[in-house]
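Structural overview
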Amino acid sequence: MAEVTVKLPNEYLRKLSRLGKQTDAICEKMLKAGGKVVEDKIRDNLRAVIGWDTQEPSRSTGELLESLGTTEVKQDFDGILNVKVGFSEPRSDEESNAKIANIIEYGKHGQPPKPFLKPAQTATRTACADAMRQVFEEEVGKL
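Read on for an overview of the structure. (Residues numbered from 1 in each chain as written. Predicted model: local features only at pLDDT ≥ 70, side-chain atom pairs only at ≥ 80, totals over all residues. Heavy atoms only, no water.)

**A closer look at helix α4 (residues 117-142)**
What counts is decided by this rule: For helices the rule is a DSSP run of H or I covering at least 4 residues; for strands it is a run of E covering at least 2, with both sets numbered from the N terminus onward. Take the number of residues in a helix, subtract one, and multiply by 1.5 Å to get its expected span. Only protein chains enter the accessibility calculation, which uses a 1.4 Å probe; a residue is then buried when its area is under 20% of its type maximum, exposed when over 50%, and partly exposed in between.
Between the first and last C-alpha of α4 there are 35 Å, a value that for 26 residues agrees with the 38 Å anticipated at 1.5 Å per step. Those residues of α4 that fall on the buried side of the exposure criterion are A120, T124, C128, A131, V135 and E139.

What follows is the structure, encoded as structure tokens:
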């Protein structure tokens, strides 16, 4: 019977060991970087669509834009780490930010749709992955 022995360089083994211990911290940094890319693009898109192409003067208070944010990194029931980009509640006028964002995105009778979420999702797919990859490579380089 043949036997194979593979010897890895000691430095490589040390890096793998340190990476294993710091995986969660590195993942958190990666998710925050990716969430920031998405949040920034949604914010830019929302600024661009608020108040244009309306039949009546805009009633924008800026509250929707101010409520946009990214959650802290949280672990779900399956052990997967996540961040969410969205709108916080409640508003001062007792409306729902989710409802207002939905109306802006998809429109309503007398108000054409002004998509800002879907284009942000499409536009940031590669940039988000690149930002996360860059953070990963920086953190591994520090090991």
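**A short note on the environment of I50**
Tracing the backbone through its elements, the reader meets I50 in the loop between α1 (10-49) and α2 (63-67). With a relative accessible area of 28%, I50 lands in the partly exposed category.

**Topic: the pattern of salt bridges**
Rule in force here: Salt-bridge detection follows one rule: a side-chain nitrogen of Lys or Arg within 4 Å of a carboxyl oxygen of Asp or Glu.
The full count for this structure, using the stated rule, is 8 salt bridges. Between R47 and D44 there is a salt bridge, with the nearest N and O atoms lying 3.7 Å from each other. One end of the pair, R47, and the other, D44, are both in helix α1, 3 residues apart, so they sit about a helical turn from each other. Since its relative accessible area comes to 49%, R47 is described here as partly exposed. The residue D93 makes a salt bridge to R91 at a minimum N-O spacing of 3.0 Å. Linked by salt bridges that have partners in common, E63, R91 and D93 make up one network.

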